[in-house]
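The chain contents come next:
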Amino acid sequence: MVNSWRAQQAAREIRAGAVIAYPTEAVWGLGCDPWDEDAVYRLLAIKSRSVDKGLILIADNIRQFDFLFEDFPQTWLDKMAATWPGPNTWLVPHRDLLPEWITGQHDSVAVRVSDHPLVRELCALVGPIVSTSANPQGKAPARTRLRVEQYFRGQVDYVMGGALGGRRSPSVIRDLRSGEVIRP
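What counts, and where the lines are drawn
Residues numbered from 1 in each chain as written. Predicted model: local features only at pLDDT ≥ 70, side-chain atom pairs only at ≥ 80, totals over all residues. Heavy atoms only, no water. 1 Å grid on protein atoms, 1.4 Å probe; cavity = no way out; pocket = protein on both sides within 12 Å on 5 of 7 lines; lining within 4 Å. Points joined across faces, edges and corners; volume = space filled by probe spheres on them. Helix = DSSP H or I, 4+ residues; strand = E, 2+ residues; numbered from the N terminus. Polar contact = N/O pair within 3.5 Å; in protein donor to acceptor, adjacent residues only side chain to side chain. Axes fitted to C-alpha atoms, helices over the stretch in contact; angles between N-to-C directions. Parallel < 35°, antiparallel > 145°, perpendicular 65-115°, else oblique. Left-handed = near helix turned anticlockwise from the far one by under 90°. Contact = heavy atoms within 4.5 Å. Nonpolar A, V, L, I, M, F, W, Y, C, P; charged D, E, K, R; others polar. Phe/Tyr/Trp six-rings, centres within 6.5 Å; stacked < 30°, edge-to-face > 60°. Buried < 20%, exposed > 50% of the residue type's maximum accessible area, 1.4 Å probe, protein only. Lys NZ or Arg CZ within 6 Å of the ring centre and 35° of its normal.

### Re the layout of surface pockets
- Each pocket or cavity is described by its volume, and for the largest pocket that value is around 670 Å³.
- If you trace the largest pocket, you find 35 residues lining it, with R49, I56, S131, I173 and R183 closest to the centre.
- Elements that contribute at least two residues to the lining of the largest pocket include exactly β2 (28-31), α5 (100-103), β5 (108-113), β6 (129-133) and β9 (181-183).
- Sorting elements by how many residues they give to the lining of the largest pocket places β5 first, with 4 residues.

As structure tokens, then:
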């Protein structure tokens, strides 16, 4: 995969501790390195979002989540693999392998393998990243770069160029253990 200059620049920013805005399949997202506690807490403050809620992690491919999926039943792995890459987010047990600033007060974490080309390029360079909709708590998710800038002028370190994918609504969220749909 040849990485675009956009993905390369966003990767440099993330590695330096930045909170970035980037286009996803349906809405603009905010992201950062999930292992960078300071960056995650800045992202949460920018959104006015409680750490207790937890965050979604997105990746380029299912192998980027291998550290979480070790010892998962094959049926679980097959279920996720059949829906990825694509608009399906799964709540999976985290077994305390992730910090509480990612998991919140939950025994599961939300994970997705994106099918957006720029997101996949970025994650191929840096590994899984935080993905949360680009909006202050209680406001509609940004669907344009202009709305991102209106919401977060001077607060986000880097706004990645590019266009949204063709979807109209955010990903479906399902619980892997129960199969329950959490967000249609």
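### What to know about the side chain of N61
- By the secondary structure assignment, N61 is in the loop between β3 (56-59) and α3 (66-69).
- Within polar-contact distance, the side chain of N61 engages the side chain of D60 at 3.0 Å.

### Let's talk about the packing of helix α1 (residues 5-15) against helix α6 (residues 117-126)
- Their axes nearest at 9 Å, the elements α1 and α6 cross at an angle of 45°. In terms of orientation, α1 and α6 fall into the oblique class. You can see that α1 and α6 cross each other, and the crossing is right-handed. On the side of α1, the interface is formed by R6, A7, Q8, A10, A11, I14 and R15, while α6 contributes L118, E121, L122, L125 and V126.
- Of the residues contributing to the contact of α1 with α6, the split by class is 8 nonpolar, 1 polar and 3 charged.

### Some words on the packing of aromatic side chains
- Counted under the stated rule, the structure contains 7 aromatic pairs.
- Their ring planes at 20° and their centres at 6.5 Å tell us that F69 and W84 sit as a pair that is stacked. One end of the pair, F69, is in helix α3; the other, W84, is in the loop between α4 (74-81) and β4 (88-93), with 15 residues separating them in the sequence.
- Here F69 falls in the buried class, since its relative accessible area comes to 5%.
- Given a relative accessible area of 10%, W84 falls into the buried group.
- Taken together, a centroid distance of 5.8 Å and an interplanar angle of 70° make the contact between Y151 and F152 edge-to-face. The same class applies to Y151 as to F152, namely buried.
- Through a chain of ring-to-ring contacts, three or more aromatic side chains come together here, namely F65, F69, F72, W76 and W84.
- Between R147 and the ring centre of Y151, over which it is positioned, the NZ or CZ distance is 5.6 Å.

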